[in-house]
Protein chains: 2
Amino acid sequence: MPVNLSTPDPASLSPVPGVELGIACAGIKKPGRKDVLVMRLAAGSEVVGVFTQNRFCAAPVTVCKEHLHDEAGIRALVVNTGNANAGTGDDGLRRARQTCAALADALGFKPGQILPFSTGVILEPLPVDKVIAALPAAIADLKPANWGEAAQAIMTTDIVAKATSRKVAMNGQDFVVTGFAKGSGMIHPNMATMLSYIATDAPVSCEALEAILRHAVNSSFNCITVDGDTSTNDSCILIATGATPAPVIMDDGDPRYGTLRDAVTEVMVQLAQAIVRDGEGATKFMEIRVEGGRDEAECKQIAYAIARSPLVKTAFFASDPNLGRILAAVGYAGVADLDVDRIKLWLGNVLVAENGGRAPSYQEAEGARVMAAPEINVRVHLGRGDALATVWTCDFSYDYVKINAEYRT
Amino acid sequence: MPVNLSTPDPASLSPVPGVELGIACAGIKKPGRKDVLVMRLAAGSEVVGVFTQNRFCAAPVTVCKEHLHDEAGIRALVVNTGNANAGTGDDGLRRARQTCAALADALGFKPGQILPFSTGVILEPLPVDKVIAALPAAIADLKPANWGEAAQAIMTTDIVAKATSRKVAMNGQDFVVTGFAKGSGMIHPNMATMLSYIATDAPVSCEALEAILRHAVNSSFNCITVDGDTSTNDSCILIATGATPAPVIMDDGDPRYGTLRDAVTEVMVQLAQAIVRDGEGATKFMEIRVEGGRDEAECKQIAYAIARSPLVKTAFFASDPNLGRILAAVGYAGVADLDVDRIKLWLGNVLVAENGGRAPSYQEAEGARVMAAPEINVRVHLGRGDALATVWTCDFSYDYVKINAEYRT
């Protein structure tokens, strides 16, 4: 069951002027399931994205990268679930391009103005005819208030839809940032997560939007892991429609830049944490914070070693303060000159280990009390610098094995 | 249940002239459990070892390294289960040294001639008084034929004891290589595995023995993973008693060197595979072979990415030929310039993927047939060189979660 996460109230999701969304049933995997989403963007929208670094990147990821380089300007996105169109070779690229051509044709755009996305099973041909046949219904459904339905339509093994909004006032003018995301397994993003779409009506230059995206992704989707598996389809798209008239935010010299960047980051952090809270089989949500490192990279390396360890994750599932497993993960994380005698480890506010061993003040009952909660903070101090990093993860339960053993049946 | 692994017939384990073994109950974790092992070595034995690279290495590992540098010559080993004496700081070092001093005293050696080993729970003080109190009984039990009992005594979550022997004829003279090992969780060795002891009666120089150990460990214990967690206590010890008189094997110029190296390697490969076959919750045994790489390192990196992936391991548990997960792991293994269109993937003898997608000849029924077996070969060809590497691993089952969630209860 998702950890402290419920379906967002549709009324809390602010439409973004310049964006319309439409949903349809293509019957890709199951009949009657809403599995195709179309987003139409106002002319002049700036669109930027980051994508998986998996060498087996999916066909739609390759096509997205091509089209984002196109000068024509992105005008629509199309997403299908039930099939990832990954590990599908040249034939997969052809099918992704066919989908773009069909949507471009129906909307009066060029194929290079469409971004395609797919999520689902890998290594099987995308049933492109079904996707194309569903496009007219999705187009007929296009409306500004469909954000909750869109979040629902892109789910795969997700239990809860993930979406959130922020309102930002800049120079006395109100703008909106709304985003949604999906993903609950094969989650260990490297530059982005499964699928996530964030849009604002503020007018932003492409360069400024790229900078905001990089900042926000590094503080959000690049800080989570469910199972350490980096997907073939990870995509995170940031859209600025500029549909609300105002002077364009050109760069970080504009005082509105920081305000917008923080709002986008907040939305992405909430979506990234929602993905972990709804991680496959998750029963606990953990924040792993590593401080006192020489640089952020080594802090993140150690935080991820803890967050990925099956032994740590099963101990959290069991609410067992088996803290030796955390220390072991710190030790094998690959930081060669780590002095373990300087390391301190806290579980919540309880000091657990110091001077290379268990803290004299530590009482197992206190550790057990912290572990019993559904949200657990782990803090490690390396004692060798001022850098820090935070990673969010979930536990490893029977249900993780069950979900992934039965995924295709 | 262990995969194709049963308790070795004690009659199949050849005693090694120059080695005696004795077992006793110290009651460290459970009363009545045989949990202390003493090995006494003939004077003049050469002893070499490799140890965990975990920065949080256990106190006995630190003491072993000190004593192996000692000039006095190792004459005895002492192993306890039930407590790892890891994450125990200076107090842990004191307790490891106390154990050595007590055994040295009882046997008439110096403390620096003893190697101590511990395995079990981390971060708890070693009940050193119990260990010391059990030494007289272990010493009274010392005999050459105790190898099967020794393998039994060092088990923790192991279901089956792991030991094997080889007889080697060199220059018309017969010698013996016998070894035993333990380990079934926190298994992702980096230089060695949990605990393993291999002895021969051949006379070998320290330098030649070091070279044989390095070769054999790299082809055996450094090729396995159960859960990707590198233990704090990994130790692999190779002993040459020289108790059977013959000219000393000084280096690889001696024609007997290769014969002995191959026999030691065979013993270590069998023990390493036994650890995987008895991996926590294991129901399947997989050999992951990556060929056609530029160097062995990149082949091993990709093989380990596959072998460590929770998604791959749960698919094997389910006997589900979800081969996209294997391709995804190849893609995120971190080999940046991999051309996925050149990769081929076989499951057993069935070609599954080529040219970046599913092989046209592939039939899911054939993949399912291979996956149904308890032993599965995965072969990946990278198409960019002649190097190769092999890694052995097991699947990820409900029981892995159960065993590790309940380990301390």
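Residues numbered from 1 in each chain as written. Chains lettered and ligands numbered in written order. Predicted model: local features only at pLDDT ≥ 70, side-chain atom pairs only at ≥ 80, totals over all residues.

Asks: Kindly report on the overall build of chain A, identifying the contributing residues and their values.
Replies: Across its full length, chain A holds eleven helices and 16 strands. For 409 residues, the compact-globule estimate of 2.2 N^0.38 gives 22 Å, and chain A sits close to it at 22 Å. Referenced to the eigenvectors of the C-alpha coordinate spread, the extents of chain A come out at roughly 70 × 55 × 40 Å. Burial status across chain A gives 60% buried among its 409 residues. Expressed as a percentage of contacts within chain A between residues at least 6 apart in sequence, the contacts between residues at least 24 apart total 81%. (Helix = DSSP H or I, 4+ residues; strand = E, 2+ residues; numbered from the N terminus. Rg over C-alpha atoms; globule rule 2.2 N^0.38 Å. Buried ≥ 20, exposed ≤ 12 C-beta atoms within 10 Å, placed from the backbone. Contact = placed C-beta atoms within 7 Å.)

Asks: Help me get a handle on the relation of the copies chain B and chain A, residues and values and all.
Replies: One copy of the chain maps onto the second through a rotation around an axis plus a translation along that axis. At an RMSD of 0.0 Å, chain B and chain A line up after a rotation of 180 degrees and a shift of 0.0 Å along the axis. Taken together, the rotation angle and the small translation identify this as a two-fold axis. Among all C-alpha atoms of chain B, that of B:Tyr398 lies closest to the rotation axis, at 2.8 Å. A shared binding surface is used by both copies, with 98% of the interface residues of chain B retained as interface residues in chain A. (Least-squares fit on C-alpha atoms with pLDDT ≥ 70 in both.)

Asks: Talk me through the pairing of strand β7 (residues 173-182) of chain B; I want residue IDs and the actual numbers.
Replies: Residue and element names in this part refer to chain B. Taking burial as the measure, the ten residues of β7 include eight buried ones, the bulk of the element. Bridging between strand β6 (residues 162-170) and β7 involves nine bridges; their strand directions are antiparallel. Bridged to Ser-165 within β7 is Thr-178. Between β6 and β7, which follow one another and run antiparallel, lie two residues, and Asn-171 among them has a positive phi close to 50 degrees. Here β7 runs beside strand β8 (residues 195-200); their pairing, made up of six bridges, is antiparallel. Bridged to Thr-178 within β8 is Ala-199. (Pairing = 2+ DSSP bridges.)

Asks: Go over the confidence of the model for chain A with me, naming the residues and quoting the values.
Replies: Residues and elements named next belong to chain A. In the predicted model, chain A carries a mean pLDDT of 89, and 95% of its residues have values of at least 70. Strand β9 (residues 224-225) is the least confidently modelled element of chain A, averaging 74 in pLDDT, while helix α3 (residues 128-140) averages 98, the highest of any element. Predicted complex metrics record ipTM = 0.73 and pTM = 0.81. (pLDDT = per-residue confidence, 0-100.)

Asks: Run through unusual backbone geometry, naming residues and quoting values.
Replies: Of note in this structure, A:Asn4 is not a glycine but carries a positive phi near 50 degrees. Take A:Asn4: it is sitting in the segment before β1 (19-24). For B:Ser319, which is not a glycine, the phi torsion comes out positive at approximately 55 degrees. Along the polypeptide, B:Ser319 turns up in the loop between α8 (310-317) and α9 (324-332).

Asks: Please give an account of the interface of chain B and chain A that cites residues and values.
Replies: Taken together, the 53 residues of chain B in the interface contact 52 residues of chain A. Broken down by element, the residue count for the side of chain B that touches chain A peaks at six residues, all from α9(B). The class makeup of the residues in the side of chain B that touches chain A is 24 nonpolar, 21 polar and eight charged. (Nonpolar A, V, L, I, M, F, W, Y, C, P; charged D, E, K, R; others polar.)

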